[in-house]
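Now for the letters of each chain:
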Amino acid sequence: MPDLEVIIGLEVHAQMNTKTKMFCNCDNDAFNKQPNTTVCPVCMGHPGTLPVANEQAVEKAIAASVALGCTISEHNHFDRKHYFYPDLPSGFQISQYDFPLAQHGQVEYDLPTGSDGKTSTSKVCRIHRLHMENDAGKLTHEGNKTLCDYNRAGTPLMEIVTEPDLRNSDEAVAFAEELRRIVVAVNSSEADMFKGMMRFDASISLREKGTEKLNPRSEIKNLNSFKALKNALQYEEKRLRKLWEETNGPMTGDITVGWQDDEGKTRLLRSKETADDYRYFPEPDIPPLHVPAEKVEAVRASLPPLPRALKQKYVDLKLTAAEANMLVDLPKLSALYDAVHAKTGDAKKASGLILTQLMGFLNAHHKTLDDLPGEADILELVDNMENGIISGSAGKQVLEEMLLTGKTAPEIIKEKGLMQVSDDGAIEELVKRAMEANADSVAAYRGGKQAALGAIVGWIMKESKGSANPKKVNEVLVKMLG
């Protein structure tokens, strides 16, 4: 048995988050809608209808292309890709073939190499092309019947095709995760895989190490999670290795397989189609697209920081790699973190409030990012804590209530009587009582034992039920003890 090398390439389909579909004015949000309610004659392929390209979709595809380092083609056009299946009402897909929007980019990604999850190796996967197309409908199979929902038909897609640069399932997943971060960061796609907004077709083959020839491949269709991508590639690699051993060589032709998630294995669907099978020809109803260089540069100038640069910014603030990745992956969370950090100037304090406390409450109460308090409300809470109106422990309680009730910090502080006591007279009275009740600690402190101060402060905080301002307490206590 020769020493075999795994060759993997991906085709990634990402739905663009436009308001309307790719070639008509139908609502582009099909999730949880009643079947066949967001359709029209255009996306249903009725005779005599004319498609019109969605300008916003083109701009989002350009943004993703620029972020991936691709070269944008000034002149490109749409083509008809023919195949006949119930999920494609018109009998053809409007896609791009020989003149795609963009080509020749790359994605740099980190591959974890240590069991601690802290060490990683930087890798690069080249992007072969990025083109635009419209999505097909959704089929639901029930016994010997198939139900067709065409709400998704016509949704604008980016298809991002890699070069065969990936060598194992871990690399494929790490690359796919970084790609998702990029398209989300530039607002080209929400890439929510639970909603089917990002899907993978993974091609895998084997060859003898040291050779350059690409052998026939197995294409695994429609993988809709990173877990499915990893498991499917691992299974298919084992199957292809066994087949090589049995036949003393690679497969004789390309095949297409489907991943059976519940069974943990692939199933042969058909032999792999070629471009000739699809009978491509230029789409006659849509004029060629012209993308001038100044348009590309305008898009480039408008892009936010990309994920790797953003991650480095957070690492430079002494956040852990896991914390940095969390902020990069969750833009809503990073916006809150950045706002708190800008206000306090303290990266650790911002991390404690947003990444530890807020995320902890979010998980404990099974809330989503849509339930997060607004930036202004969070900053109002920080104001109350920074100005000594409430204590840190009270702030934690207020934050949880804000998440659960939607009320503002001042409302909760007033309702629950959490306002901190900072009045000099009230604090002095508490200190006098504390000194009388803790005579031994007072004597010890005056005898040089600094730690004794903690016992007196603790008594005051307990007596005041946490309402006394700790900073003020320490100032007054040291003064009166002196």
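Everything that follows concerns the structure shown earlier in this document.
Structural notes, computed from the coordinates. The shown structure was predicted, so the numbers you read here are calculated from the model rather than taken from an experiment.

Conventions we followed
Residues numbered from 1 in each chain as written. Predicted model: local features only at pLDDT ≥ 70, side-chain atom pairs only at ≥ 80, totals over all residues. Heavy atoms only, no water. Helix = DSSP H or I, 4+ residues; strand = E, 2+ residues; numbered from the N terminus. Rg over C-alpha atoms; globule rule 2.2 N^0.38 Å. Buried < 20%, exposed > 50% of the residue type's maximum accessible area, 1.4 Å probe, protein only. Contact = heavy atoms within 4.5 Å. Areas by Shrake-Rupley, 256 points an atom, 1.4 Å probe, with all protein chains shown as cover. Lys, Arg positive; Asp, Glu negative; His and termini not counted. Charge placed at Lys NZ, Arg CZ, Asp CG, Glu CD. Pairing = 2+ DSSP bridges. Axes fitted to C-alpha atoms, helices over the stretch in contact; angles between N-to-C directions. Parallel < 35°, antiparallel > 145°, perpendicular 65-115°, else oblique. Left-handed = near helix turned anticlockwise from the far one by under 90°. Nonpolar A, V, L, I, M, F, W, Y, C, P; charged D, E, K, R; others polar. Phe/Tyr/Trp six-rings, centres within 6.5 Å; stacked < 30°, edge-to-face > 60°. Lys NZ or Arg CZ within 6 Å of the ring centre and 35° of its normal.

Further remarks concern the overall build of the protein. Of the regular secondary structure elements, the protein holds 16 helices and 16 strands. In summary, the protein has a C-alpha radius of gyration of 30 Å against a globular reference of 23 Å for 482 residues, an excess of more than 25%. Based on the C-alpha atoms only, the size of the protein along its principal axes is roughly 95 × 60 × 50 Å. Considering the protein as a whole, with its 482 residues, one finds that 46% of them fall into the buried category. In the protein, 67% of the contacts between residues at least 6 apart in sequence involve partners at least 24 apart. By element, 50% of the accessible surface of the protein is carried by carbon and sulfur atoms, the whole surface being about 24,400 Å². Of the charged side chains in the protein, 58 are positive and 70 negative, and the gap between their average positions amounts to 4 Å.

A separate point is the pairing of strand 4 (residues 79–82). Burial along strand 4 is two-sided: D79 and K81 facing one way and R80 and H82 facing the other are all buried. Taken together, the four bridges between strand 4 and strand 5 (residues 92–95) define a ladder with antiparallel strand orientation. Along strand 5, the bridge assignment pairs R80 with I94. Pairing of strand 4 with strand 15 (residues 281–282) involves two bridges; the strand directions are antiparallel.

What follows concerns the sheet that holds strand 5. Across a sheet, paired strands are connected by hydrogen bonds in the backbone, their directions being either parallel or antiparallel. Judged by pairing direction, the sheet is antiparallel, and its three strands sit side by side in the order 5-4-15 without closing on themselves. Looking at the sheet topology across the chains shown, the edges are occupied by strand 5 and strand 15.

The relative placement of two packed helices is expressed as an angle between their axes plus a distance between the axes. In the contact formed by helix 2 (residues 169–185) and helix 3 (residues 226–247), the axes pass within 9 Å of each other and the chain directions differ by 155°. Classified by the angle between their axes, helix 2 and helix 3 sit roughly antiparallel to one another. Our pair here, helix 2 against helix 3, has a crossing hand that is right-handed. Two secondary-structure elements touch here, helix 2 through S169, D170, A172, V173, A176, E177 and R180 and helix 3 through F226, L229, K230, L233 and Q234. A per-class count over the contact of helix 2 with helix 3 returns six nonpolar, two polar and four charged.

This next bit is on the packing of aromatic side chains. Think of a pair of aromatic rings as described by two things: how far the centres are apart, and how the planes are tilted against each other in angle. This model, assessed by the stated rule, comprises eight aromatic pairs. Measuring from centroid to centroid gives 6.0 Å for F200 and F226, while their planes differ by 35°, and the two rings are tilted. On the criterion of sequence distance, the pair formed by F200 in strand 11 (residues 198–208) and F226 in helix 3 is long-range, its members being 26 residues apart. Arranged with centres 5.6 Å apart and planes meeting at 85°, the rings of Y314 and Y337 form a pair that is edge-to-face. Here Y314, found in helix 6 (residues 307–316), pairs with Y337, found in helix 8 (residues 331–344); they are 23 residues apart in sequence, far enough to count as distant. The side chain of K81 reaches across the aromatic face of Y278, ending 4.5 Å from its centre.

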